[in-house]
Amino acid sequence: MVTSVTNLGRSGLFDWVVQRVSALVLLAYFAYIGCVLLGGVDYTGWRELYAQTWMRVFSLGALLSLVLHAWVGIWSVLTDYLTERMMGTTGTVLRLLAQLLCGIVIFVYTVWGIQILWGY
Amino acid sequence: MRLPITAWVSISHRASGVFLFVATAVLLWALDASLRSPESFAALRECLDTLWMKLVIWAVLAGLIYHTAAGVRHLIMDCGIGESMPGGVLGARLVIAVSVLLTVLAGVWIW
Ligand code: HEM
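What comes next is a walk through the structure. All of these numbers come straight from a predicted model, not from anything done at the bench.

### Let's talk about the overall build of chain A
Helices and strands together make up the secondary structure of chain A, namely five helices and zero strands. Going residue by residue from the N terminus, the α and β elements of chain A occur as α-α-α-α-α. In terms of overall size, chain A is more extended than a compact globule, its C-alpha atoms giving a radius of gyration of 18 Å where 120 residues would be expected to give roughly 14 Å. Overall, the C-alpha framework of chain A stretches about 55 × 25 × 25 Å when taken along its three principal axes. With 120 residues in all, chain A has 16% of them scored as buried.

This is how it looks when you write it as structure tokens:
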């Protein structure tokens, strides 16, 4: 089994499952939002929708799914291209820096999203 | 580069995934503005009405549509369906056809 300190669940199989489950949640969420938007929205209706507890929970679920999905996804991409095999030690340094940057962005997305859902 | 269609679909899925990670900032920004206040909702409406913003939104939707279509294909193949060579090619063609169709429809909806 391949292990690494930067993957999500210490096991590739776990990450694989996270990737699939989060994909399904995102699919459901975007399909739902798409239907709502196609139906047309004004401020009052939109605001009321996001005031409902179930909608906030659904949105938070989608937000967390997005964050996990993105971490696993970006991790796969970075560990494929920024590697020691491709560019020596530079690869490892660049990869860790890129992962740090992505981690910061993911953290900002999470806090920002929660702020939008519960802040207004 | 001459690559089989299945390779193109796969690499574009990867590229669209990375693109969406960045585009999430746009989506959160829009959600933020749409819920903040009636004024910001109206301002967002106006802002999204400009040509450049329409192009940005269309690009984000195109990325989302493509990534989702190719993602669903991925999940179907994970279930062991269409894993043969002809199955893979057919799936790849379907992904492209569905994405182009939905992206055009999204453009019609935006404009
Ligand atoms: C805005 C939301 C999304 C972002 C930022 C995102 C991002 C990514 C990234 C970066 C990857 C890695 C690509 C690779 O390793 O080649 C990925 C993979 C994947 N995505 Fe998404 N994605 C999003 C939404 C979705 C949705 C809605 C689906 C629905 C089916 C989906 C399905 C998948 C699947 C199945 C994979 C795994 C591919 C593999 O194992 O090679 N994604 N995503």
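### Some words on the interface of chain B and chain A
With 18 residues of chain B at the interface, the matching set in chain A holds 18 residues. Every element with two or more residues in the side of chain B that touches chain A is listed here: α1 (5–36), α2 (38–47) and α3 (51–78) of chain B. The element contributing the most residues to the side of chain B that touches chain A is α1 of chain B, with eleven residues. Residues belonging to the side of chain B that touches chain A are distributed by class as follows: nine nonpolar, five polar and four charged.

### A few points about the environment of A31 of chain A
All names here are of chain A. Summarising the element assignment, A31 is placed in helix α1 (residues 12–38). Residue classification places A31 among the exposed residues on the basis of 11 C-beta atoms within 10 Å. As a C-alpha pair, A31 and R85 span 54 residues in sequence and 41 Å in three-dimensional space.

### With respect to the packing of α1 of chain A against α3 of chain B
Where α1 of chain A meets α3 of chain B, the axes come as close as 11 Å, and the angle between the chain directions of the two elements is 135 degrees. Viewed along their axes, α1 of chain A and α3 of chain B adopt a mutual orientation that is oblique. Classified by chirality, the crossing of α3 of chain B by α1 of chain A is left-handed. In this structure, α1 of chain A uses R20, A23, L27 and F30 of chain A to contact α3 of chain B, whose residues at the interface are L64, T68, G71, L75 and D78 of chain B. The residue makeup of the contact of α1 of chain A with α3 of chain B, split by class, is five nonpolar, two polar and two charged.

### Details of the site of the ligand
For the ligand, the set of nearby residues contains 25 residues, the closest of which are A23 and G73 of chain A together with R14, G17 and G71 of chain B. Those chains with residues close to the ligand are chains A and B. Classifying every residue of the shell around the ligand by side-chain character gives 13 nonpolar, eleven polar and one charged.

### Quick notes on α1 of chain A
All names here are of chain A. With 27 residues, α1 should reach 39 Å at 1.5 Å per residue; the first-to-last C-alpha distance of 38 Å fits that figure. Of the residues making up α1, those classed as buried are D15, Q19, S22 and L26. Looking at the buried residues of α1, the elements they touch are α3 (53–81). Backbone geometry just after α1 places G40 at a positive phi near 85 degrees.

### Quick look at the nonpolar core
Counting 20 residues, the largest nonpolar core has L66, A70 and I74 of chain A together with I65, A69, A70 and V95 of chain B as its most contacted members. The set of elements that each furnish at least two residues to this core consists of α3 of chain A together with α1, α3 and α4 (85–110) of chain B. Discounting residues that sit within four places of it in the chain, I65 of chain B has contacts with S99, L102, T103 and A106 of chain B.

### Considering the packing of α3 of chain B against α4 of chain B
All names here are of chain B. Two numbers describe how α3 lies on α4: the axes approach to 9 Å, and their chain directions differ by 150 degrees. What the angle tells us is that α3 and α4 run roughly antiparallel. Considering how the two elements wind past one another, α3 and α4 form a crossing that is right-handed. Contact with α3, carried on its side by K54, I57, W58, L61, A62, I65, Y66, A69, A70, R73 and M77, involves G91, V95, V98, S99, L102, T103, A106, G107 and I110 of α4 and no other residues of that element. In terms of residue class, the contact of α3 with α4 is built from 14 nonpolar, four polar and two charged.

Rules behind the numbers
Residues numbered from 1 in each chain as written. Chains lettered and ligands numbered in written order. Predicted model: local features only at pLDDT ≥ 70, side-chain atom pairs only at ≥ 80, totals over all residues. Helix = DSSP H or I, 4+ residues; strand = E, 2+ residues; numbered from the N terminus. Rg over C-alpha atoms; globule rule 2.2 N^0.38 Å. Buried ≥ 20, exposed ≤ 12 C-beta atoms within 10 Å, placed from the backbone. Contact = placed C-beta atoms within 7 Å. Nonpolar A, V, L, I, M, F, W, Y, C, P; charged D, E, K, R; others polar. Axes fitted to C-alpha atoms, helices over the stretch in contact; angles between N-to-C directions. Parallel < 35°, antiparallel > 145°, perpendicular 65-115°, else oblique. Left-handed = near helix turned anticlockwise from the far one by under 90°. Near = placed C-beta within 6 Å. Expected span 1.5 Å × (residues − 1). Core = buried A, V, L, I, M, F, W, Y, C linked by C-beta atoms within 7 Å.

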